[in-house]
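Spelled out from the first residue to the last, the chains are:
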Amino acid sequence: MNPQAKLLSITSLFLGSTITITSNHWIMAWTGLEINTLAILPLISKSHHPRAIEAATKYFLVQAAASALLLFSSMTNAWYTGQWDITQLTHPTSCLLLTTAISIKLGLVPFHFWFPEVLQGTSLTTGLLLATALKFPPITLLLLTSPSLNPTLLTILAIASTALGGWAGLNQTQTRKILAFSSISHLGWMAIILVYNPKLTLITFYLYCLMTIPIFLTLDTIKTLKLTTMSTAWTKIPPLTATLMLMLLSLAGLPPLTGFLPKWLIIQELTKQEMTPTATIIALLSLLGLFFYLRLAYCATITLPPNSINHMKQWQTNKSTKMFITTFITLSIMLLPLSPMIFTTS
């Protein structure tokens, strides 16, 4: 891809996200989301493979429909209340339409069908942007409108997302699709607590990004797209694949790793809100995700394929990316001791 075109796309992504996050007016927020959609399309289709073109087309159609629905929601609210302010979304129909529009943009169940297919058709670096950076503006809109949203609807969407994210990831062999269903499952955890503690949703999103970034970068470094190639990838960079197991277990939410922290806080908050059955259901559904994370970890580090070729092991990665990956790996594994500080800030 042309360096100037790539720079333009990435700059536009930053610009679109900044406009949406900092705006008070619905039209400006919608404009930022549209800039994001148009900026990511060249990055999705840059390989010129038919699968990449198909992914870019699906992404464009889905995001355009969601943006139109969001604009219709804000116009309906302005028609009935005379308010274009994002925090003044009070009309029930507008709240329902907004929840639907943001669910489509994020990939919450039952509007999740596009996300695994798009992620499968792109490179791992573009998939990383789709799974982390491009979810931040829609989540910001949800946070700003959280007092007006329907808690029952969000709880149903959240439990369905956690369940389907776990079930659908069980029989996948492509690492990008597994990470897509992992993202859907984590979105369920964020959505279920949104109305009761919006700050906790933001903390969960930040920690999810911290755990997902090093996994995508590690898979990109060892050039692994399928489980079959992952079982032989340990010979390339043994230290990196060894820490990959810890990162996957952290994403699964096992203590004493970083990923345990958001799940612990969310279950605690749901119990305070007298939603113990809901907390129990979502905790049990996270076991489905644990199974395919363990399968990924098993393929990455514990298996020894027969007739492995003897060759010199590459103990070091590229100098420019080594410090970047190392920092994120450390954060994705060892942040749990900082939980008292997070308690005091939230």
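This is a predicted model, so every value here is computed, not measured. Chains are numbered independently. Their residues run from 1 in the order of the written sequence. For this predicted model, a pLDDT threshold of at least 70 governs which residues receive local features, and a threshold of 80 or more governs which side-chain atom pairs are given and counted, while totals over whole chains, interfaces and linings are taken from all residues. Only heavy atoms go into the side-chain values, all of them from the structure, while hydrogens and water stay out.

## Observations concerning the overall build of the protein chain
Working step 1: We count a stretch as a helix when DSSP gives it H or I for four or more residues in a row; a strand needs E for two or more, and each element gets its number in order from the N terminus. Within the protein chain, the secondary structure is distributed over 16 helices and 0 strands.
Working step 2: Principal-axis analysis of the C-alpha atoms gives the protein chain an extent of 70 × 50 × 35 Å.
Working step 3: Each residue is assigned to one of three classes by its accessible area relative to the maximum for its type, calculated with a 1.4 Å probe on protein chains only: buried under 20%, partly exposed between the two thresholds, exposed over 50%. Expressed as a percentage of its 346 residues, the buried residues of the protein chain come to 53%.
Working step 4: Residue contacts are defined here by distance: any two heavy atoms, one from each residue, within 4.5 Å place the two residues in contact. In the protein chain, the share of contacts with a sequence separation of at least 24, taken over all contacts with a separation of at least 6, comes to 77%.
Working step 5: As displayed, the protein chain has an accessible area near 15,400 Å², and 70% of this comes from carbon and sulfur atoms.
Working step 6: Positive charges come from Lys and Arg, negative ones from Asp and Glu, while His and the chain ends are left out of the count. For charged residues, the charge sits on one atom: NZ in Lys, CZ in Arg, CG in Asp, CD in Glu. Here the protein chain carries 18 positive and 7 negative side-chain charges, and the mean point of each set is 16 Å from the other. Computed with the Shrake-Rupley method and a 1.4 Å probe, the accessible areas treat only the protein chains shown as cover for residues.

## Some words on the packing of helix H2 (residues 26-44) against helix H3 (residues 50-81)
Working step 1: Between N-to-C directions, angles span 0 to 180 degrees; the directions come from axes that are lines fitted to C-alpha atoms, helices contributing only their stretch in contact. At a minimum axis distance of 10 Å, the contact between H2 and H3 shows a crossing angle of 175 degrees. Looking at the two axes, H2 sits roughly antiparallel to H3. Residues Trp26, Ile27, Trp30, Leu33, Glu34, Thr37, Leu38, Ile40, Leu41 and Ile44 of H2 lie in contact with H3, whose contacting residues are Ala52, Ala55, Ala56, Tyr59, Phe60, Gln63, Ser67, Leu70, Leu71 and Ser74. Just so you know how the angles are binned, under 35 degrees is roughly parallel, over 145 roughly antiparallel, 65 to 115 roughly perpendicular, and the rest oblique.

## Comments concerning the side chain of Lys177
Working step 1: Mapped onto the elements of the fold, Lys177 is located in helix H9 (residues 175-192).
Working step 2: We classify Lys177 as buried; its relative accessible area is 16%.

## Observations regarding the nonpolar core
Working step 1: Counting residues in each nonpolar core, the largest one holds 100 residues, and the members touching the most others are Tyr59 and Leu130.
Working step 2: It is helix H10 (residues 198-221) that contributes the most residues to this core, 13 residues altogether.
Working step 3: For this core, the domains that each give at least three residues are domain 1 (1-133) and domain 2 (150-345).
Working step 4: Other than its neighbours up to four places away in sequence, Leu130 contacts Ile40, Ile44, Tyr59, Phe115, Val118, Leu119, Thr122 and Lys135. The criterion is simple. A nonpolar core is a set of buried Ala, Val, Leu, Ile, Met, Phe, Trp, Tyr and Cys residues joined through side-chain atoms within 4.5 Å. For the purposes of this description, domain bounds are those given by an automatic or database domain assignment.

## Notes on the UniProt feature "transmembrane region" (unreviewed entry) in the protein chain
Working step 1: Look at the UniProt record and you will see "transmembrane region" (unreviewed entry) annotated at residues 56-76, 96-115, 152-171, 178-196, 202-219, 240-261, 281-304 and 324-343.
Working step 2: Helix makes up 90% of residues 152-171 and strand 0%, with an end-to-end C-alpha separation of 30 Å.
Working step 3: Helix makes up 68% of residues 240-261 and strand 0%, whereas the separation of the span's terminal C-alpha atoms amounts to 24 Å. UniProt positions are given in the numbering used here, feature names are shortened, and annotations may be inferred rather than shown by experiment.

## A short note on helix H12 (residues 238-252)
Working step 1: What a helix should span is 1.5 Å times the count of its residues minus one. Taking 1.5 Å of rise per residue, 15 residues should cover 21 Å, and H12 covers 22 Å from first to last C-alpha, within 8% of that figure.
Working step 2: Among the residues of H12, those classed as buried are Pro238, Leu240, Thr241, Leu244, Met247, Leu248, Leu249, Ser250, Leu251 and Ala252.

## Some details on helix H13 (residues 260-272)
Working step 1: The first and last C-alpha atoms of H13 sit 18 Å apart over 13 residues, in line with the 18 Å expected at 1.5 Å per residue.
Working step 2: Listing the buried residues of H13 in full gives Leu261, Pro262, Lys263, Leu265, Ile266, Glu269 and Leu270.
Working step 3: At the C-terminal side of H13, Glu274 shows a positive phi close to 60 degrees.

## Things to note about the pattern of salt bridges
Working step 1: Think of a salt bridge as a Lys or Arg side-chain nitrogen and an Asp or Glu carboxyl oxygen that are within 4 Å of each other. Within the structure shown, the criterion is met by 4 salt bridges.
Working step 2: The residue Glu54 makes a salt bridge to Lys58 at a minimum N-O spacing of 2.9 Å. With Glu54 and Lys58 both in helix H3, this residue pair falls 4 residues apart, about one helical turn.
Working step 3: Glu54 sits in the partly exposed class, given a relative accessible area of 36%.
Working step 4: A relative accessible area of 28% means that Lys58 is categorised as partly exposed.
Working step 5: Salt-bridge contacts for Lys58 lead to Glu117; the nearest nitrogen and oxygen are separated by 3.9 Å. Of this pair, Lys58 sits in helix H3 while Glu117 sits in helix H5 (residues 114-120), and the two are 59 residues apart along the sequence.
Working step 6: Among the charged side chains, a salt-bridge network with shared partners connects Arg51, Glu54, Lys58, Glu117 and Lys177.

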